[in-house]
Structure formats: structure tokens, C-alpha cells
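Take a look at the letters that make up each chain.
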Amino acid sequence: MADHTRPEQSRWKIPFALCVAVLGVSSSAPLVKLADAPAPAVAAYRMLFSALLLLPVVAWRHRAELATIRRSDLLRCIAAGVLLGFHFLSWFTSLDYTTVASAVTLTTLQPLFAFVLAYAMFGERLRLAAFAGALLSIAGAMIIGWGDIAVSGMALFGDALALLGAALATGYFFVGFRARQHLSLNAYTFLIYTAAAGVLFAYCATLGVPLAGYADTDWAVFLGLAIFPTLLGHSVFNWSMRWVSATVISMVVLCEPIGASALAWLIFGTLPQLSHYIGGTAVLVGVLIFMRYRNPPPVASGAG
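Residues numbered from 1 in each chain as written. Predicted model: local features only at pLDDT ≥ 70, side-chain atom pairs only at ≥ 80, totals over all residues. Heavy atoms only, no water.

Novice: Explain the overall build of the protein to me, please; I cannot follow it from the model alone.
Specialist: Secondary structure summary: the protein contains 14 helices and 0 strands in total. Listing each helix as α and each strand as β along the protein from the N terminus yields α-α-α-α-α-α-α-α-α-α-α-α-α-α. Pairs at least 24 residues apart make up 91% of the contacts formed inside the protein by residues separated by at least 6 positions. When the accessible surface of the protein is split by element, carbon and sulfur atoms take 71% of a total near 13900 Å². (Helix = DSSP H or I, 4+ residues; strand = E, 2+ residues; numbered from the N terminus. Contact = heavy atoms within 4.5 Å. Areas by Shrake-Rupley, 256 points an atom, 1.4 Å probe, with all protein chains shown as cover.)

In C-alpha cells, the structure reads:
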């Protein structure tokens, strides 16, 4: 259904929604680590199950909307879905070569790409204080993963894949931003997840990745990835795109290493290191500074 949240309600709903989304996406890396299936299959089934979970609602409430969708919005959704699919593919694959902390940290460095895209596409500028907050958050994210980054050929390859995932995720938010302004949340996310599933299954078929014969625990992981990091994570981020920019979302995603580290401790018994506490504090403080000062200062009109 279409979003009609009033501005005065959004002031408290948006921060709450962003917190829920961060908790959702933070579950992604621990869940992927629990699966024995290859990364492309995990990514493909994550997107397929996400689309299937949305299908009843879309078929019931959004048939007319999808039937009359503008061609430009449809193409943007397909393009964004392709970018999202390859984001998951590169990031899930990176977990086979580098540590969870490194993969999560490097993938959440989306602001490095978002600042460039926002300036190039929209002429978006930041206050000096907001830019300083962004740098502090990026530094904090780097501190979280610093102790786990192994200097080796395979680890560096995994780190490169994680960075590619960050670039693709930023492109996904920016490409889908305009379409999201014209579509309801359910219709928008259904189209994107369907496009992502399509390109990922095509990738699996091309490379001969098996799509059957997995253990029950793997299927449970596929479903969990669809519910928690996708519907409660990415879908909520997509909902918030009506009120906040892609740059803001990219900044908030920097909190993911904190949530992922906490979940890794609960699931695998991995205790956070000192770097996690120091880096996590820097990330949170940096995000708060960025959110407070992200809007450019008002231009004072001269008396003449």
C-alpha cells in the first residue's frame, strides 16, 4: 500500500524504522555463515523467498499499480534489482575468503561512494561538521575490522569483493531512489527483489551452481535471510527513502558492524574485541553528528 505517513509522525517513525532496519541487515552475515550452500545459491534463494513473501500482498493490493507503472520506473526497478543481486553475490562470496568483520566493515563503507554519486547526480553538499561525522564513522568501521583483516592473497581478494559490494549497494540505492518516489513500498520492493532473483538464478544456471539437494538448515537460512535482513532490513530502508536521502541511508548502514558483531557473539560465542568497542563508539557518534548536521545551512537573505 502507498505510504501516507504525516510529516509530524515521521519525525519519530523514521529513526525507529532505521534502527529496525540496521538490526535486520546485521543478521545477514551470521546467517550466511550458517549456510553450507554456495554463495550464489544463497543470494538467489534469499531474493526469491523475499519476492514470494511479498507476492500475496502485491497480488491483492497492488495489481492496478503494477499494471499502470511508468516504463521509466519499471526500468529503474529492474536496474536497481540487478545491482542489488550482484551486491549480494559479491558480498556473500567475499565471506568465503575474508572474515565476517572485514566483509561487513568494507561493505558498509558505502558513504565513500555515496558522497561522490550524490555530488555528481544531485549536486548534494554537506556541512563541514557532517563531513567530519562521516569520516569519524568510516574510521570507526575500519577500526572494527582492522584486527581481522588478514594480509594474504585470498583475504585481499575477499576484501576487494566486499568493496565491490559496497559500490553496488550504493548504486542500488541511487538508481532506485527516483522510482521509489512514485511507487508504494510493496510494489517497489517486489519488483526489485524479483529482478534480483532473476539475475542471480541466471548467474547460477550459467555457471552450473546447484540449486537443489541442500540440507534443511540451508533452507531455513534462505528463509531467515528473506525475513530478517531483507524484509525487515532492506525493505524498511526502502520505505524510509521517501523522507531521507540515499546518503543518509548509506551513513546509517555503517552501524551494521556493531549489530553483526553482537549477533556473532550470541550465535558463535565470538567475544567482541577492544577494537569493536572503540570502533562501534566512533561509528555511533559519527552517525549522530552526520544526522544532526547533514542539511546545508540556510542561505541568509540580505537586507539590500
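Having put the structure on the table, let's press on.
Novice: Explanation requested: empty space enclosed by the protein in the structure shown.
Specialist: Picture a little ball the size of a water molecule; that probe, rolled over the atoms, points out where space is still empty. The full count for this structure, using the stated rule, is 1 cavity of 30 Å³ or more. Lining the largest cavity are 17 residues, and of these Val25, His87, Gln110, His234 and Glu256 lie nearest its centre. Put simply, the parts of the chain that give the lining of the largest cavity at least two residues each are helix H5 (71–94), helix H9 (153–180) and helix H11 (216–240). (1 Å grid on protein atoms, 1.4 Å probe; cavity = no way out; pocket = protein on both sides within 12 Å on 5 of 7 lines; lining within 4 Å. Points joined across faces, edges and corners; volume = space filled by probe spheres on them.)

Novice: When you look at the packing of H5 against helix H10 (residues 185–207) in this model, what are you seeing that I'm missing?
Specialist: The geometry of a pair of packed helices is captured by two quantities: the angle between their axes and the separation between those axes. At their nearest, the axes of H5 and H10 sit 7 Å apart, and the two run at 55° to each other. When the axis of H5 is compared with that of H10, the two are oblique. At the point where H5 passes H10, the crossing takes the right-handed sense. Of the residues in H10, those touching H5 at Leu74, Cys77, Ile78, Ala80, Gly81, Val82, Leu84, Gly85, Phe86 and Leu89 are Tyr188, Leu191, Ile192, Tyr193, Ala195, Ala196, Val199, Leu200 and Tyr203. (Axes fitted to C-alpha atoms, helices over the stretch in contact; angles between N-to-C directions. Parallel < 35°, antiparallel > 145°, perpendicular 65-115°, else oblique. Left-handed = near helix turned anticlockwise from the far one by under 90°.)

Novice: Just to check I follow, could you spell out H11 for this structure?
Specialist: In an α-helix, one turn spans 3.6 residues; hence positions three or four apart end up facing the same way. The end-to-end C-alpha distance of H11, which contains 25 residues, comes to 34 Å, matching closely the 36 Å that a straight helix rising 1.5 Å per residue would cover. Where H11 bends most, at Thr230, the angle is about 40°. (Expected span 1.5 Å × (residues − 1). Bend = angle between axes of the 7 residues up to and from the residue.)

Novice: Looking at this model, I keep getting lost on the pattern of salt bridges. Mind explaining?
Specialist: Once the charged atoms of two side chains with opposite charge are near each other, the side chains can pair. Under the defined criterion, the tally for this structure stands at 2 salt bridges. The partner of Arg70 in a salt bridge is Asp73, and the shortest N-O contact between them spans 3.3 Å. What makes Arg70 partly exposed here is its relative accessible area of 44%. Note on Asp73: relative accessible area 2%, which makes it buried. (Salt bridge = Lys/Arg side-chain N within 4 Å of Asp/Glu carboxyl O. Buried < 20%, exposed > 50% of the residue type's maximum accessible area, 1.4 Å probe, protein only.)

Novice: Explain the nonpolar core to me, please; I cannot follow it from the model alone.
Specialist: Ranked by size, the top nonpolar core spans 80 residues in total, and within it Val42, Met47, Phe92, Ile192 and Phe237 carry the most contacts. If near-sequence neighbours (up to four positions away) are discounted, Phe92 is found in contact with Ser28, Val32, Ala39, Val42, Ala43 and Arg46. (Core = buried A, V, L, I, M, F, W, Y, C linked by side-chain atoms within 4.5 Å.)

Novice: Hey, could you run me through a nonpolar patch on the surface in this one?
Specialist: A surface patch of nonpolar side chains, amounting to about 490 Å² of accessible area, comprises Leu34, Trp265, Leu266, Ile267 and Phe268. Per element, the largest residue contribution to the nonpolar patch is 4 residues, and it comes from helix H13 (residues 256–268). Along the polypeptide, Leu34 turns up in helix H2 (residues 28–34). (Patch = residues over 30% accessible without salt bridge, like charges linked within 9 Å, V, L, I, M, F, W, Y side chains within 5 Å.)

Novice: It is not clear to me how the packing of helix H3 (residues 39–61) against H10 should be interpreted in this structure. Could you clarify?
Specialist: Put simply, H3 and H10 touch, their axes get as near as 8 Å, and they point 150° apart. Taken as a pair, H3 and H10 cross one another with a handedness that is left-handed. For the contact of H3 with H10, the residue count by class is 20 nonpolar, 4 polar and no charged. (Nonpolar A, V, L, I, M, F, W, Y, C, P; charged D, E, K, R; others polar.)

Novice: Looking at this structure, how should I read the side chain of Ser240?
Specialist: Here Ser240 shows up in helix H11. Residue classification places Ser240 among the buried residues on the basis of a relative accessible area of 0%. Setting aside residues no more than four positions away along its own chain, Ser240 makes contact with Leu18 and Ile249.

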